[in-house]
Amino acid sequence: MIKLGIAMQLTELQTARTIMRPFSEADAIEAFSWFGDPAVMKFTPHGPDTTLESTIERIKHYLEHQSKHGYAKWIIRERNSMKPIGDAGPMYFPECESFELGYRLLPGYWNKGLATEVALAWVQLRFQIPGLMNLMAFTHPENVASIRVLEKVGFNFSHRDHLMGMDSMVFKMPNL
Ligand SMILES: CC(C)(COP(=O)(O)OP(=O)(O)OC[C@H]1O[C@@H](n2cnc3c(N)ncnc32)[C@H](O)[C@@H]1OP(=O)(O)O)[C@@H](O)C(=O)NCCC(=O)NCCS
């Protein structure tokens with residue numbers, strides 16, 4: 001379900017098992033549990049956040065992006081428990097002049113189809129938010145779970161590149 005506020009501002013995205021909303025700075029301590037986890041951040045170009053302050057800065061950056069564009073990486077909560085379990089959403093990626101979809105989950109939630117579920121919710125918004133029409137994604141070639149998620153939600157492999165200092169596979173949505 002997509003909820004749009006009175007100014008057509010996107011404020012929440014729901015999937016069968018999750019609710020996604022913009023971060024608030026109060027989420028930093030819980031979010032540090034995945035932003036600071038080397039296993040979760042293994043294929044993130046700059047690696048894990050080493051301090052809680054880094055995660056606070058990261059969230060501030062997401063909030064600035066939210067103000068500017070109306071969306072950003074959002075916190076994912078499990079619907080039943082409302083427990084924070086990760087983050088997902090599009091961020092503007094200047095090197096490719098388009099928005100890049102990313103997602104992360106706490107390891108206890110991997111391999112249950114959750115990343116596919118949240119990624120699909122963002123992908124489907126392409127038809128309502130013009131800026132997301134050319135949504136792209138990139139991932140390290142060894143990140144097989146992420147590659148599989150991208151394939152499952154409809155991305156096509158485009159080319160290899162070196163992005164943010166990382167050997168990358170770039171994926172794009174087919175032109176409709
Ligand atoms: C990438 C990530 C978000 C995937 O989340 P997830 O909820 O486990 O993904 P899903 O369950 O929706 O789908 C995972 C798919 O990868 C497959 N997969 C997972 N590990 C695999 C492996 N080692 N080899 C082959 N396939 C694998 C799963 O079988 C599944 O495919 P299937 O549905 O065809 O069986 C999660 O692993 C994560 O948070 N990783 C750390 C952060 C990260 O790398 N984010 C992406 C940055 S580009």
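Use the structure listed above.
Structural notes, computed from the coordinates. Every chain is numbered independently, its residues counted from 1 as its sequence is written. Per-residue local features of the predicted model are confined to residues with pLDDT of at least 70, and side-chain atom pairs are confined, for both listing and counting, to 80 or more; whole-chain, interface and lining totals are unaffected and use all residues. As a convention, hydrogens and water are excluded, and side-chain values are obtained from all of the structure's heavy atoms.

Before going further, it helps to examine unusual backbone geometry. Non-glycine residue Met82 carries a positive phi angle of around 60°. To qualify as a helix, a DSSP run of H or I must reach at least 4 residues; to qualify as a strand, a run of E must reach at least 2; elements of each kind are numbered from the N terminus. Mapping Met82 onto the fold places it in the loop between β4 (74-78) and β5 (84-93). Although it is not a glycine, Asn111 sits at a positive phi angle of roughly 60°. Mapped onto the fold, Asn111 is located in the loop between β6 (98-105) and α3 (114-124).

This part takes up the packing of aromatic side chains. Aromatic contacts are taken between Phe, Tyr and Trp rings whose centres are within 6.5 Å, Trp giving its six-membered ring; a plane angle under 30 degrees counts as stacked, one over 60 as edge-to-face, and the others as tilted. Under the defined criterion, the tally for this structure stands at 9 aromatic pairs. For the ring pair Tyr71 and Phe99, a centre distance of 5.3 Å and an interplane angle of 65° mean the geometry is edge-to-face. Of this pair, Tyr71 sits in the loop between α2 (52-69) and β4 while Phe99 sits in strand β6, and the two are 28 residues apart along the sequence. For the pair Phe93 and Phe138, a centre-to-centre distance of 5.1 Å together with 35° between the ring planes defines the contact as tilted. One end of the pair, Phe93, is in strand β5; the other, Phe138, is in strand β7 (residues 136-139), and 45 residues separate them in sequence. Each residue's exposure class comes from its accessible area (1.4 Å probe, protein chains only) as a fraction of the maximum for that residue type: buried when under 20%, exposed when over 50%, partly exposed otherwise. Taking relative accessible area as the criterion, Phe138 reaches 11% and is therefore assigned buried. Taken together, the ring pairs in this structure connect Phe23, Trp34, Phe35 and Tyr62 into an aromatic cluster.

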